[in-house]
Amino acid sequence: MILALETSCDDTCAAVVDGAGIVRSNVISSQAVHDAYGGVVPEIASRQHLQLMNLVVDDALAQAGVGLDDLEAVAVTRGPGLTGALLVGLATAKAIAIARGLPLIPVDHLQGHVAANFLGPDALEPPFVCLVASGGHSFVARVDDHTSFTVLGRTLDDAAGEALDKGARLLGLPFPGGPHVERLAAAGDPAAFAFPVARGVPGLDMSFAGLKTSLLYTVRDLDRDAASGGAAARGADLAASYQHAVVDQLARRTERALEQTGLDRLAIGGGVAANGPLRERLSRAASVVHIPGRALCTDNAAMIGGAARHLPAADPADVPGLDVYATDRRAR
Ligand code: KG4
Ligand code: ZN
């Protein structure tokens, strides 16, 4: 029975995962306080985590129907993410682990997104290709075991979620933009506007920065052209075409990775993997496709517990001095 904590960005998360990889509880407290700023303010995120962390842990234990005495290990995200935010989760995990004499298992956030696929009665066993697309990272990887992954291609600039968030802002939609773009796009035509899809980016790498610039110019041109009714009148078509460009690039790179590796098994993860059109498109990309529930794609602690089941605990002598890390060395 593992208690897992995740505080790498603006969601305060705690979960209980059992020895069979079944999620007993998965509590996510999203910090709405950032909406007013159009993005996550790191210092505010840290302070909110401090206020919410103990309540979220209590809630996760209560929902799982377990007490501290039932726990066998504590798992926590160590990085990458916002330093101050990560520190709240790590300090909490250390306190519980040291006070209760439990092993502490540090987990990499990106390994967590991959490990969302190791949870539940229908867990996917390696080897498989995994697409991870979130607000901070976008990459396609080869997963050969439960403890690591090999990046085959990654974004050269913005992450897919970042592109959706920035595009949403240009369309006057709230933060985080991905779900709002998806909702508005449902009533639009994905072929209404042709946005560039990273032509010239070699191999399995991706690029999303040009897309955002292209949307910026399209919105500006529509607003200048009085006869068009302005960009607002074309909101649904713009959202649908923009979303299509993001989904198409992610799907093409994933399909190419499947071809190149010869693997016919696919998994996805990260917040953008909650996107309906992406899930739909990739559901047909391989013979075996594993798509975690939406709550296991966006940031959550159950995925950290899912990864921890397969990872070593830190040496108890190292636990008090264990530090967080902000950036990833493998996948931007
Ligand atoms: O994995 P995540 O929760 O946090 C990070 O590790 O970054 O991903 C957040 C990203 C945001 O950019 C958000 O706009 C995007 O995931 N996202 C979506 C959807 N839900 C969240 N993008 C497209 N469609 C969605 N339904
Ligand atoms: Zn994430």
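Conventions and cut-offs
- Residues numbered from 1 in each chain as written.
- Chains lettered and ligands numbered in written order.
- Predicted model: local features only at pLDDT ≥ 70, side-chain atom pairs only at ≥ 80, totals over all residues.
- Heavy atoms only, no water.
- Domains from an automatic or database assignment.
- Contact = heavy atoms within 4.5 Å.
- Buried area = accessible area lost by both parts, 1.4 Å probe.
- Salt bridge = Lys/Arg side-chain N within 4 Å of Asp/Glu carboxyl O.
- Helix = DSSP H or I, 4+ residues; strand = E, 2+ residues; numbered from the N terminus.
- Nonpolar A, V, L, I, M, F, W, Y, C, P; charged D, E, K, R; others polar.
- Buried < 20%, exposed > 50% of the residue type's maximum accessible area, 1.4 Å probe, protein only.
- Pairing = 2+ DSSP bridges.
- Axes fitted to C-alpha atoms, helices over the stretch in contact; angles between N-to-C directions.
- Donors = N, O, S within 2.8 Å, 3.2 Å for Na, K, Ca; no water.
- Tetrahedral: all angles 85-135°; square planar, octahedral: opposite > 155°, others 65-115°.
- Near = heavy atom within 4 Å.
- Polar contact = N/O pair within 3.5 Å; in protein donor to acceptor, adjacent residues only side chain to side chain.
- Core = buried A, V, L, I, M, F, W, Y, C linked by side-chain atoms within 4.5 Å.

Split by domain assignment, the protein resolves into domain 1 (2–116 + 297–321) and domain 2 (124–291). One C-alpha centre belongs to domain 1, the other to domain 2, and the line joining them spans 27 Å. Contact with domain 1, which involves 13 residues of that partner, is made by 19 residues of domain 2. Together, Leu-110, Val-114 and Cys-297 form the three largest contributors to the area buried by domain 1 at its contact with domain 2, with a combined 37%. On inspection of domain 1 and its partner domain 2, the count reaches 0 salt bridges. Examining the composition of the side of domain 1 that touches domain 2, we find that 4 residues originate from one element, helix α3 (residues 109–115), more than from any other. A class-by-class count of the residues in the side of domain 1 that touches domain 2 yields 6 nonpolar, 6 polar and 1 charged.

A separate point is the pairing of strand β1 (residues 2–6). Where burial is concerned, most of β1 is hidden: 5 out of the 5 residues are buried. Along β1, one buried face is formed by Ile-2, Ala-4 and Glu-6 and the opposite face, lined by Leu-3 and Leu-5, is buried too. For β1 and strand β2 (residues 11–17), the ladder comprises 5 bridges, and the chain directions are antiparallel. Bridging across to β2, Glu-6 finds its partner in Cys-13. Connecting β1 to the next strand, β2, in antiparallel fashion are 4 residues. Sheet topology places β1 next to strand β4 (residues 73–79); 4 bridges connect them, and they run parallel. Each residue of the ladder has a partner; that of Ala-4, found in β4, is Ala-75.

This part is about the pairing of strand β8 (residues 150–154). In this sheet, β8 lies alongside strand β7 (residues 138–143) in antiparallel orientation, the contact comprising 4 bridges. Pairing of Phe-139 across the sheet is with Arg-154, part of β8.

Taken in spatial order, the 5 strands line up as β8-β7-β6-β9-β10 in an open sheet, and their pairing is mixed. With partners counted over all chains shown, the strands left at the sheet margins are β8 and β10 (288–290), one partner each. The average angle at which neighbouring strand axes cross in this sheet is 20°, direction not considered. Pairing of strand β6 (residues 128–133) with β7, which is carried by 6 bridges, proceeds in the antiparallel orientation. Considered in β7, the bridge of Leu-131 is made with Val-140.

Each protein donor to the zinc ion (ligand 2) is listed here as His-109 (NE2), His-113 (NE2) and Asp-299 (OD); together their distances run 2.0 to 2.1 Å. Around the zinc ion (ligand 2), the 4 donor atoms are arranged such that angles at the metal cover 94 to 146°; this shape is classified as irregular. The buried category is assigned to His-113, whose relative accessible area is 0%.

With that out of the way, let us pick up the site of ligand 1. Residues in contact with ligand 1 amount to 20 residues; listed here are only the nearest, Gly-135, Asp-165, Gly-178, Glu-182 and Asp-299. In the environment of ligand 1, an oxygen atom lies 3.2 Å from a nitrogen or oxygen atom belonging to the side chain of His-113. Residue Gly-135 places a main-chain N or O atom 2.8 Å away from an oxygen atom belonging to ligand 1. For the shell around ligand 1, the secondary structure elements donating two or more residues are α3, α4 (160–170) and α5 (177–185). Element by element, the count of residues in the shell around ligand 1 is highest for α5, at 4 residues. Each of two domains, domain 1 (2–116 + 297–321) and domain 2 (124–291), supplies a minimum of three residues to the shell around ligand 1.

With that settled, consider the nonpolar core. Membership of the largest hydrophobic core comes to 42 residues, with the highest contact counts inside it found for Phe-195, Phe-208, Leu-238, Tyr-242, Val-246 and Leu-250. When residues in this core are grouped by element, the largest group, 11 residues, is from helix α7 (residues 235–261). Once residues within four sequence positions are removed from consideration, Phe-208 is found in contact with Ser-138, Thr-155, Asp-157, Asp-158, Ala-159, Ala-160, Ala-163, Val-246, Gln-249 and Leu-250. If you look at the next biggest cluster of nonpolar residues, it comprises 33 residues, including Cys-13, Ile-105, Leu-124 and Ala-267.

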